[in-house]
Amino acid sequence: MKRRDFLKGLVSTSYVVLSGASVLAPLNALAAAGAKKDDGWLTTGSHFGAFKMKRKNGVIDQVIPFDSDKYPTDMINGVKGLVYNPSRVRYPMVRLDFLLNGHKSNTSQRGDFRFVRVTWDKALHLLKDSLDEVQTKYGPSGLHAGQTGWRATGQLHSCTSHMQRAIGMHGNFVKKIGDYSTGAGQTILPYILGSTEVYAQGTSWSLILEESDTIILWSNDPYKNLQVGWNAETHESYAYLAQLKEKVKQGKIRVISIDPVVTKTQKYLGCEQLYVNPQTDVALMLGIAHEMVTKNLHDTKFIEGYSLGFDQFLPYLMGESDGVAKTPEWASEITSVSPEIIRDLAKVMTKGRTQMLMGWCIQRQQHGEQPYWMAAVLATMIGQIGLPGGGISYGHHYSSIGVPSSGAAAPGAFPRNLDEDQKPIFDSNDFKGASSTIPVARWIDSILEPGKTIDANGSKVTFPDIKMMVFSGNNPWNHHQDRNRMKQAFHKLECVVSIDVNWTATCRFSDIVLPACTTFERNDIDIYGSYANRGLLAMQKMVEPLYESLSDFEIFTRFAAVLGKEKEYTRGMSEKDWLVKLYNDCKAANAGKFEMPDFEGFWKEGYVYFGEGKPWTRHADFREDPEINPLGTPSGLIEIFSRKIAQYGYDDCPGHPTWMEKAERSHGGPGSNKFPVWMQSCHPDKRLHSQMCESAEFRETYAVKGREPVYMSPADAKQRGIKSGDIVRVFNDRGQLLAGAVVSNNYPQGVIRIQEGAWYGPVGADGSKEGGAKVGALCSYGDPNTLTMDIGTSKLAQACSAYTCLVDFEKYKGKVPEVSSFSGPIETQI
């Protein structure tokens, strides 16, 4: 059949060719379609906090913070833009060449943004057919549905749970272990402190404020990062930060921010900032430790009673094992911190009660396990682990860790796995000799090098030959590294499926795209405060789902029906039935502690309050009696030297914390002659990773001429003839991007910042969207992962190393292409 005849016939078979005009049509008329016209205030929650919302003529009109939120984030001004924005996926869509040729399509065209609109029924059958083909030809090793990132709030409509349960009813698939946020930390810390620590409740802020003499913020910016949370965020930590600010002003607590840049927290608190060369923190810690030992400042009794392996570590520290003593002078040469300051830090950290608060970004670099390990060693040498206001924390910047928990039972969620009596249609566990689970950040490696065996956390992992990937509410084209390498991998895949709210770059590089609705277009319930567990929120539907978008529950219920497994999937319950069940289970679990109203009363009120929590000190039980309350390490003690890790024989992660040079490091390090600038790609100030970037009006409050800001020092800007507001090309051998210059004294020479979460918008040399499919395309908006390095942190964690990244930049010359990140597919040419 000729191409024109085939496309002409689509009209009679429920297809509609999508035109550019329909993609970019105004939202106002369609926004109110089918929406209820209730103009009263309703309650809901999101990662950005809990809100009251009011509708007018079926459209969200006003958004105000929840009554108890005294420190709402500025991101509340972008919430409406999450619903009403031109990036919305409006209909089920299929990439044109995949529609024509299926698994034999021209995959080099993936990313050219040519899509065709189809019906829901057609799209779901195409999904089933693709799964059938992969399971038949390759088995479960050919399918990756492991997910790799965040999700929307809500206990029922969890995108990962729904997708994995539904796909699992069809057949088994490759899964992942770990995450991008804390991959190195959550792998190394169980060996040292007996748990992942990064997601554990920490010592209460009230105790830190009462007991601490010194707080060390090490690569940690809580004032910026606490705006968002895993569940609906309460923002209670900001009340404690306000008290800390006052104590700093009065000289009652000394706060030192150790960071290459001046952070938002440091400016808010008015505290000290200590510059350290990027990626050299381990050397600084070793210099401090050496001074502690030389001046006998370390707590030998605590080391002997609560830790193991200091004797094996000491020869390295003092230079007896490698001939290099880790003196303050040695550390100064690497870090640019003077020996005098290093010696003073050793005195300050051991003089009074010292609380170390570590950030996560420091472990997202090559050898990222080492700074977390060495920080634990410093805390052990200080000897205050388990004391209120002392010791070490790895999470006080996340989801209000440090706010005492109410202790109430939280609601359950929609099941992610199959029920015990359920079996998939393709019931095979034959992964053809490959691993069924791979490290989260190594999936691109798996696609490019199937069959390769790597070391990972004491085991061997053999990469499966992945042919198809399914993503739901998940945007790996934000959080993974090296976009051009990703393109090479995606050219090898036979089928990619994305279920999402917006046309993210992941949707752009997919074959089948299904429109999900936002959290504000469905009913749900959510915990208020991930760690505070302050109460239970009713997430009341604000508006009806726009266009043909559906909730996660509805999407995968329909897909389960295509499989003939709808009742198995839903257990015969509707959305309302599930909400009532989750609520009543929570009510029963809290019976005897306090009374919760019936579901109807809860839903009408919009909130159930669980109460306040009691202050708590992390590791206090261990300190009180390490024999009765041992840590989860092999010895039950803090392991300064890990015999288990040493036995692995990894050259990039030996048995004790070690300074190791990076593949790329600025300020005289490897690669700095060619690319002299370190690019910091930290968590953004105005988004949750890539969530909120689609909110157009809010994005314009910080964008520079429509681009993501690139922050730089006055010296670097002057050297390159750049001023604030200029369009800048940032580049290295891995890629290139455009961003808007912001010149600021907060950044030292040789350091720039482009916040991660900026939406990838590739364009060709002529500025076309179609050209964005090609390797080497220019990112038109400013995604820093266009430039980052895709290597594992070490053979232990195999986590991401985004912070090991050198670049250069220049004022952009020539015609500036339009940003291609925030619109839907281009018109299909016939």
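Just so we're clear, the structure is a prediction, and the values are computed from it rather than from any experiment. (Residues numbered from 1 in each chain as written. Predicted model: local features only at pLDDT ≥ 70, side-chain atom pairs only at ≥ 80, totals over all residues. Heavy atoms only, no water.)

**A look at the overall build of the protein**
Link 1 in the chain: A count of helical and extended segments in the protein gives 30 helices and 31 strands.
Link 2 in the chain: Compactness check: the protein gives a C-alpha radius of gyration of 27 Å against a globular reference of 28 Å for 830 residues, within 12% of the reference.
Link 3 in the chain: In terms of principal-axis extent, the alpha carbons of the protein reach across some 85 × 65 × 55 Å.
Link 4 in the chain: The burial tally for the protein puts 66% of its 830 residues in the buried class.
Link 5 in the chain: Looking at the protein alone, contacts between residues at least 24 apart form 77% of all its contacts between residues at least 6 apart.
Link 6 in the chain: On the protein, roughly 28900 Å² of surface is accessible, and the fraction owed to carbon and sulfur atoms is 49%.
Link 7 in the chain: Here the protein contributes 91 positively and 92 negatively charged side chains, and the mean placements of these two sets differ by 5 Å. (Helix = DSSP H or I, 4+ residues; strand = E, 2+ residues; numbered from the N terminus. Rg over C-alpha atoms; globule rule 2.2 N^0.38 Å. Buried < 20%, exposed > 50% of the residue type's maximum accessible area, 1.4 Å probe, protein only. Contact = heavy atoms within 4.5 Å. Areas by Shrake-Rupley, 256 points an atom, 1.4 Å probe, with all protein chains shown as cover. Lys, Arg positive; Asp, Glu negative; His and termini not counted. Charge placed at Lys NZ, Arg CZ, Asp CG, Glu CD.)

**Details of the UniProt feature "domain: Molybdopterin oxidoreductase" (unreviewed entry) in the protein**
Link 1 in the chain: The positions UniProt marks with the feature "domain: Molybdopterin oxidoreductase" (unreviewed entry) are residues 88–560.
Link 2 in the chain: In residues 88–560, helix accounts for 37% and strand for 15%; the two terminal C-alpha atoms are 25 Å from one another. (UniProt positions renumbered as here; feature names shortened; annotations may be inferred.)

**Overview of the sheet that holds strand 22 (residues 607–609)**
Link 1 in the chain: Sheet architecture is open: 3 strands sit in the order 20-21-22, paired in antiparallel fashion. Of all strands in the sheet, those bounded by a partner on one side alone are strand 20 (524–528) and strand 22. Shown here is a sheet whose adjacent strand axes are inclined to one another by a mean of 15 degrees, direction ignored.
Link 2 in the chain: Pairing of strand 21 (residues 535–539) with strand 22 involves 3 bridges; the strand directions are antiparallel. If you follow Gly535 over to strand 22, its bridge partner there is Tyr609.
Link 3 in the chain: In the packing of helix 25 (residues 575–589) onto the sheet, contacts are made with strand 20, strand 21 and strand 22, and the angle to strand 20 comes to roughly 30 degrees. (Pairing = 2+ DSSP bridges. Axes fitted to C-alpha atoms, helices over the stretch in contact; angles between N-to-C directions.)

**Observations concerning the nonpolar core**
Link 1 in the chain: Within the largest apolar cluster, 104 residues are counted, with the highest numbers of intra-cluster contacts made by Trp218, Ile288, Met356, Met358, Leu378 and Tyr394.
Link 2 in the chain: Not counting the four nearest positions on each side in its chain, Trp218 is found in contact with Ile258, Asp281, Leu284, Met285, Ile288, Met356, Leu357, Met358, Gly359, Ile362 and Leu378. (Core = buried A, V, L, I, M, F, W, Y, C linked by side-chain atoms within 4.5 Å.)

**Overview of the pairing of strand 26 (residues 727–732)**
Link 1 in the chain: The buried count for strand 26 comes to 6 of 6 residues, which makes it a mostly enclosed element.
Link 2 in the chain: Both faces of strand 26 are covered, namely the face carrying Ile727, Arg729 and Phe731 and the face carrying Val728, Val730 and Asn732.
Link 3 in the chain: One ladder, built from 6 bridges, connects strand 26 with strand 27 (residues 735–743); its direction is antiparallel. Within strand 27, the position partnered with Phe731 by the bridge is Gln736.
Link 4 in the chain: Counting the residues in the hairpin turn of strand 26 and strand 27 gives 2 residues.

**Looking at the pairing of strand 20**
Link 1 in the chain: Where burial is concerned, most of strand 20 is hidden: 5 out of the 5 residues are buried.
Link 2 in the chain: In terms of strand pairing, strand 20 meets strand 21 through 5 bridges, oriented antiparallel. Residue pairing for strand 21: Asp526 is matched across the bridge by Leu537.
Link 3 in the chain: As consecutive antiparallel partners, strand 20 and strand 21 are separated by 6 residues, and within that stretch Gly529 has a phi angle of approximately 95 degrees, a positive value.

**Topic: the pattern of salt bridges**
Link 1 in the chain: Applying the stated criterion across every chain, the model contains 43 salt bridges.
Link 2 in the chain: Arg95 is the partner of Asp511 in a salt bridge, and the nearest nitrogen-oxygen pair spans 2.7 Å. Pair noted here: Asp511 is in the loop between helix 22 (505–508) and strand 19 (512–515) and Arg95 is in strand 4 (residues 93–95), with a separation of 416 residues, a long-range link. Take Asp511 and Arg95: they sit in the same class, and that class is buried.
Link 3 in the chain: One salt bridge connects Asp465 with Lys467, and the closest N-O pair in it is separated by 3.6 Å.
Link 4 in the chain: Judged by its relative accessible area of 32%, Asp465 falls in the partly exposed class.
Link 5 in the chain: Three or more residues are tied together by salt bridges with common partners; here these are Glu291, Lys295, Glu329 and Arg343. (Salt bridge = Lys/Arg side-chain N within 4 Å of Asp/Glu carboxyl O.)

**Thoughts on the sheet that holds strand 3 (residues 59–65)**
Link 1 in the chain: An order of 1-2-3 is seen for the 3 strands of this open sheet, with the pairing classed as antiparallel. Strands at the two margins of the open sheet, each flanked by one partner only, are strand 1 (41–46) and strand 3. The sheet shows a mean angle of 35 degrees between the axes of neighbouring strands, direction not considered.
Link 2 in the chain: Taken together, the 6 bridges between strand 2 (residues 49–56) and strand 3 define a ladder with antiparallel strand orientation. What sits directly across from Arg55, in strand 3, is Ile60.

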